[in-house]
Every structure is written in structure tokens, then in C-alpha cells.
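Descriptive structure summary
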Amino acid sequence: MHASRTTSAIGSLTILSMSLAAIWNPAHAQTGDSGASPDAAAKIEKGIETVVVTAQKRSQSIKEVPVAITVVNAAQLERAGVKDIGDLAKTAASLEFGDQQTGGAGGSASIRGIGTAVFTLSAESSVGVVVDGVPLGATASGLMLDMARVEVLRGPQGTLFGKNASAGVLNMATQAPIIGDSGGNVQLEFKGDLGAAVRATGNVPLNDISALRISGIAERNKGVYHNVLTGEDSVTNNGGARIRYLLQPNRDVAVNLIADASNTRSENAVFFAPSVAYATNTAGNHQPAAEFAACGVTVSKTNNQVCSDGEELTRAQVRGFSGQVDWTLASGDTLTSITAYRTRKQGPESVNIGMSTSYDKVSNHDPYKNARQVSQELRIASPGKQTLDYVAGLFYADSTNDKNANVLIEPNPALPSPPVPRSIATNNLQYANLTTKAVFGQATYRLTDSTNVVAGLRFTRDSVSSRFTQSSVVSFQGFALPATVKSASGSASESNVSGKLGLQHTLTKDANLYATVSRGYKGPQIDNDTPVNQASASGTFAGYIVKPELPTSVEIGSKMSFLNRRLDVDVAAFHTKIKDFQEQNCTLTAVGALSCIPLNVPSVTSKGIEADIRARPLPELQLGLSVAMILDTAYPGGFTFDNTNVGGQRLLYSPRNKATLNGDYSWTLPGDYELKLGGDIVYKSRVRLCNSLDAECAYGGHSTASLRVALRSPDDKWGIEVYDRNLGDKRVPNAIIYPLPGKGAGSGFAYSLGENSFRRVGVTLDYRF
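This write-up is about the structure you can find in this document. (Residues numbered from 1 in each chain as written. Predicted model: local features only at pLDDT ≥ 70, side-chain atom pairs only at ≥ 80, totals over all residues. Heavy atoms only, no water.)

Our next topic: the overall build of the chain. Across its full length, the chain holds seven helices and 45 strands. Over its C-alpha trace the chain gives a radius of gyration of 27 Å, about what one expects of a compact globule, namely 27 Å for 769 residues. Each of the three principal axes of the chain carries a C-alpha extent, and together these read 90 × 60 × 60 Å. Sorting the 769 residues of the chain into buried and exposed places 54% on the buried side. (Helix = DSSP H or I, 4+ residues; strand = E, 2+ residues; numbered from the N terminus. Rg over C-alpha atoms; globule rule 2.2 N^0.38 Å. Buried < 20%, exposed > 50% of the residue type's maximum accessible area, 1.4 Å probe, protein only.)

Below is the structure:
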């Protein structure tokens, strides 16, 4: 690691924060001298609210935790318009998301430039998604409903969060029931012709020791894509609900039962639109630009038009239940048990990805893609604030994923048959089972009143098995060849010891330093695609093992407060080297279908510096800044994708620089009404969104901004907000696809778009009772 560069960067940010403190001090002194009201003075002294996190499996102030964390509370989530998990990228500079339709909710996340863009059924994400203590894995839902906060934990978190946290964790908490409180809220959102939403929450006290909290959402989004063939806009309908029950028979026992469900259904939408179409493809058998024009599609980098004669239907159902029991023992230790069962069911789904009505159309029909997971965690934690604090536990999870997919390719019917086939129909049946058993522990020992040593270990035993059966039928005019049936299967077991070692030192009550070394782990995968694709005839073959991903990270950081907690500055520098990084190589097969093969990249390095700044320079003004400068995340020299040397190229979804800035200012109006003006801006440098060296495979540096204005009633019972998001209407893609499916190599590029790829103006009304 470039120590001098890192030290200089940390010093620069520290000087910046001290300069801000110096600038603000006179202003606050002047406020006091001018005879400010006692209430205003109290607001100034109050400063920034204390941020409580559970990054170490216990409730602690963020300042006490030797981990780089970005925390977004409920109010910030609402102000930023965070409606699904992908929206979180607007709130944390080190967090990025790729295309969620292919990567899955949460599976497309990357932290510090490290993520998992792998479609293999036995693959797991490098970024763990944990909600109310339950790791979601492949059962994650994209909806964000009644959240209390989101903690973005950066860097390997395997010691406490397990094998799918080699890059970091999204640790989320939903709002808990409140015993003795009766109330709720209803919010309506209108986006004109582009959709609407209703959200509601109610808290019901059942008696003196229990309460119920119910929340729900119904949402409709339109107009991301427009099908020029049918004249229809894409429509996505989301619905979800959560029920939480809290029982506290005494101060030592708490029981939390949580059930959640969500449904998503999209119609009239493929998941990408052509952005670049060349006159001819490499083989010369397609004229992409003319074919799109003939269908009425105007291809450009702002295009959202598609041409499809398919059904275009996707749907998913997520269901989950968890039970948590916390029992405080006579010793003061807390025993916690979390049991969870979750399912995610997708399909039947139909997507026509042939891009136009010409030949070489590719149509996908998936009867189902299902995931099921059972997990159990049992842990014990010391009371805290002791000479020796610890948390230790056992974890078990078993998950099953299975998928049935049909692909139909329709070649040019004008060419003679035979030898040119009229259609190629392929059915793929896939199954994977993953089992994890682990024992873990982490302890903090206080050497002195100001210096702590942190140490942790996790032993993990993984078992993974997978099988894949492919049946293909090639049909000509008047007859079909016998089906070709190929299958592959494999299994692997892996034992791993990961851990963490660190030193934490308190300089003053408002400043501390920490340094940690962490070793992470992500389990093996089974590659059945390679042996099946290599085989030219029917048969049964052994799957290949994709080796585990092993990151080692060094991190140093500081957490400082100034001006009586009116300014918080958290800075971290990191260097992470990943052995056997899990990646995939996607190429076109001879018949034009996309084939994605998982593989190991021998070594990948991510290094850089981050800062999170929270400020309240005035009682009425709140500011937040998140900055990340990631200096590496490149493929090693000589590494090739599809016979192209990509050595030195940055990984997908890994901008070198990113910053998010948000602010809100409030005024008290006559009659005690409150007016709030707020906004946010996100800057991102150039980022690669597909595996090609072509310049079209990257999206250039850009910034997007949003504004909002809100009025609250004197009793805070009701409010109205008008917002304008993506002010410049910048067509920022979630991913870029190359080449155009069905058009062959050298045909062009397509953008995967989302609601945030467009300007959205809307109004929300809410009422609290």
C-alpha cells in the first residue's frame, strides 16, 4: 500500500474538518452574543444525534466501533427517496449496484469496487444483506419498507457475518413495535402518468408487555421502457407487508417475531434498450441499425424504446419468517437466538431478448427459479463496558436453489433448410444446495483506559453440491434432430478459518483511532456450464470447482467530533488483496446465445480512502457527505476475457471516485408551520459496465442531483413534499450489454435502465395518527 499517499490523504481530510470547525466557531459565538433564544441555543448545543449501530452484534455508538461504516437512518432514507435496495447507492460513496434483474436484489451490490457479477446457481454475493439479524442470501427482496436504519459495513466482515461478507455487509434494521404506543402513518405518492404508491404503518399496543407493528406498501411504476411494436409502456407493480410482534414479559427477556411478504410483477418490459447499433455486425449477416429502424426504434444513448413481440412478463414472490429471543442472564450476559425461514419464487417468466422482430430472435421462458433458506444463529454477548467484552456464537444455514429455463433461438427463415436450422430449443434444469456451519467469536480487551485490542476468529465448514441438465432440440423445415442431453454435477466441501485483529486508541472523548487486519472468506462454486458447453454430444460429466474467494484487508481509520458534536468526521484508508476473486466470462455461443462461465481471477487488489462527514453548522441546517477514492480494483496483467487482455482494467461497477452530498434546511413559518428545503447530488467518475475494452462499455464521469421542498403542520400531524429527482434527466444505465443479443458480435450495445435513469417529479402526502 502507498503509505505516504494514504497518510497524506488522511491528513488533508483532517485539516479540512478542522478548518470547517474554525470557520463555524465565530458564527456560533456570534449567534450566542446576539441574544439567540434558549431553544435555539439548546438546538445548537444538541448537535448531531448519536448514531447507534449493531455492526458488532451489540448496540454501540458508531464512534466505539473499529469498522468503516456509513449509516443512513429512517429520516435520511425518506428524504433521499430510497424505495428499493438499489437506491442505497445514492447514500454511500463506496456502495454500488449493478443490474438487479440479472444479479438479484442484493446480489448485484459491490463495496469498495468488489462485488459478485456471477449467474451460477451455487454462487453467493460478496456483499452480505442482513435484515434484523437474518442473512438473506438469494432470498433478498429489493423493497425497502418501514426501515429504522441501514449500516453499510465496508471491508471483509466474515468474523461476525459469515462467508458472504467478503467485501462488506448491508446490515439493516426495521422499525420495532413500541409497547404502550398507539399510532401510525399513511403516505401517498403521485408521479403523474409515471406511477403512484401508498405506504402505511400502524403500531398497536396489545397489553403492558407486548405490541404489534404492521406496515405495507402498494406501488406502481411506469414508463422505464416503451415497446414501439405494441405501443405499451413497461409497468411494474410492487406490493409488500411486514408484521412484527414484540413480547417483553420482563426486563430480561424479549421475543421478536417477524413475518414479511412481497410481490413484484413487471409487464411489457425487456431489461435493456439498444443504445448503439452499428450498420453491420462483424460477420456481416445482420444490419442492426436498419433492423431497429424498420421496427420503429430510434437508437441512441438516451433511448428507452424496444421492439418486442413477446409476452414480456417477470414476477417474484418473497416470503420470510424469523423469531428472535434475547435473554439477559444473571451474569449480565445476553443470550440471543435467531431462527429464520425464507423463500423466493420467480416465474413463470417470459422475456424476448431478440431486440427486434428480425431473425436470430432469442426468447427466454423460465417456468420457475426458486430459492429456500433455513438459518439458525445462537450467540452470547457480554454486558459491555467491561475490561473484556466478547461475543461468541454458532451459526447454521441450509439453502436450496433450483431453476427451470427454456431458450428458443430462431435463425433466419429465408436461408435454406437444411443446413440452416429453423429453431434451436434448449431446456436447462439447474439445482444447487449450500450448507454452512460455523463457530465464531470476537473479543475486545481494554489494555488501558484509552487503548483496546480487538481479536476475532471464525471457523466455517461449507458444503456445496450442484447439478445441471441441458436438453437441446435442433429443428429444420419438416423434421427435427434427436434431442442432445448433456448433464454435469459436482460437489465440494471446504473448511476455513477467518478472523480479525485490531488496535483501538482513544485520543480524547471526541477522537479515536483504529487499525485492523481482517481475513475474509467466500465459499466455492460448482461450474457445470463449462463441461456441458465443451461437450459436443450427449453424456454425463463432472463439474469444475471454482475456488473460494479469500480477501485480506488492512484498514486504518479515525473517528472525530468537533464543535460539541456539530461536526463528525470519519476517515478510513484500506488495502484489500483478494486471492482467487470469483468472476465470470460471458461470450456468445456459435448459435448466438449468451454463455457465462464462472472462474477465478488469481489476484485482485482494492485500495483507497473514504470519508463520512455529518454536520449541523446551524440548528436549522443538516449536511452529510460521503466520499470514496478507490485507487485500484484492476485485473492482473495478462488476464484475458474472451481472448482479450483485460489486465489493468478496473472491475465492473467500480468507479475510481465517487461522492454523495445531501443537505436540508428548515424554517419556522408563522403559525408554527415548518418549511424544509433539501437536496442531494451524487458524483461518479467513469465506470465500466460490461467486459469489453471498447469505450462504449463504460459510462463517463457524471453527476445527478435532486431537490425537494416540504411543509409540515404545527402539530406534525401532516405534511406535503414536492420532489424533483435526476434534475438533468441523465440516462445513467444500471448495466451495459454487449453485443446486442441476437445481432452477433460487433453489433452494438444496450443499456439496462431503471426508474433512477429518468427525471422524476412527484408529490407525497402523509398523515400521522
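What follows covers the side chain of Thr460. Position of Thr460 relative to the elements: it lies in strand E24 (residues 451-476). Classification of Thr460 as buried rests on a relative accessible area of 1%. In this structure, Thr460 is in contact with Thr436, Lys437, Ala438, Glu494, Ser495, Asn496 and Tyr521, ignoring residues within four places of it in sequence. (Contact = heavy atoms within 4.5 Å.)

This part takes up the packing of aromatic side chains. A full pass over the atoms with the stated rule returns six aromatic pairs. Seen from their ring centres, Phe476 and Phe479 are 5.3 Å apart, and the 20° between their planes marks the pair as stacked. By relative accessible area, Phe476 is classed as buried at 14%. Cation over ring: Lys57 sits above Phe161, and NZ or CZ is 4.6 Å from the ring centre. Taking NZ or CZ as reference, Arg725 lies 3.6 Å from the ring centre of Tyr723, over its face. (Phe/Tyr/Trp six-rings, centres within 6.5 Å; stacked < 30°, edge-to-face > 60°. Lys NZ or Arg CZ within 6 Å of the ring centre and 35° of its normal.)

Counting 37 residues, the largest nonpolar core has Ile85, Leu88, Leu95, Phe97, Met144, Leu170 and Met172 as the members making the most contacts within it. Contributing elements (two or more residues each) for this core: strand E4 (95-97), strand E5 (109-111), strand E7 (127-131), strand E9 (147-154), strand E10 (168-174), strand E19 (334-346), strand E32 (567-588) and strand E33 (594-618). What Leu88 contacts, discounting residues up to four positions off in sequence, is Leu77, Val82, Leu95, Phe97, Met144, Val150, Leu170 and Met172. Residues Tyr225, Leu652, Val687 and Tyr751 belong to the second largest nonpolar core, which totals 21 residues. (Core = buried A, V, L, I, M, F, W, Y, C linked by side-chain atoms within 4.5 Å.)

On to the state of the cysteines, then. Inspection of the entire model under this criterion finds two disulfides. What pairs with Cys295 in a disulfide is Cys307, and their sulfur atoms sit 1.5 Å apart. Here the residue Cys295 occupies a position in helix H6 (residues 288-295), and Cys307 occupies one in the loop between strand E17 (305-306) and strand E18 (313-328), the gap between them amounting to 12 residues. Look at Cys295 and you get buried, because its relative accessible area is 13%. For Cys307, a relative accessible area of 3% translates into the label buried. Here Cys690 pairs with Cys697 through a disulfide, and the sulfurs are 1.6 Å apart. Between Cys690 and Cys697, the disulfide has an S-S torsion of -130° and is therefore left-handed. (Disulfide = S-S within 2.5 Å.)

Our next topic: the sheet that holds strand E6 (residues 114-115). Spatially, E4-E5-E6 is the arrangement adopted by the three strands of the open sheet, whose pairing is antiparallel. Each end of this open sheet is capped by a strand with a single partner; those strands are E4 and E6. Where E4 and E5 come together, three bridges link them in antiparallel fashion. For Glu96, the partnering residue across the bridge sits in E5 and is Ser110. (Pairing = 2+ DSSP bridges.)

A word on the pairing of E7. Most of E7 is tucked away, with five of its five residues classed as buried. Burial along E7 is two-sided: Val127, Val129 and Val131 and Gly128 and Val130, pointing in opposite directions, are all buried.

None of the figures reported here should be taken as evidence of function without further support.
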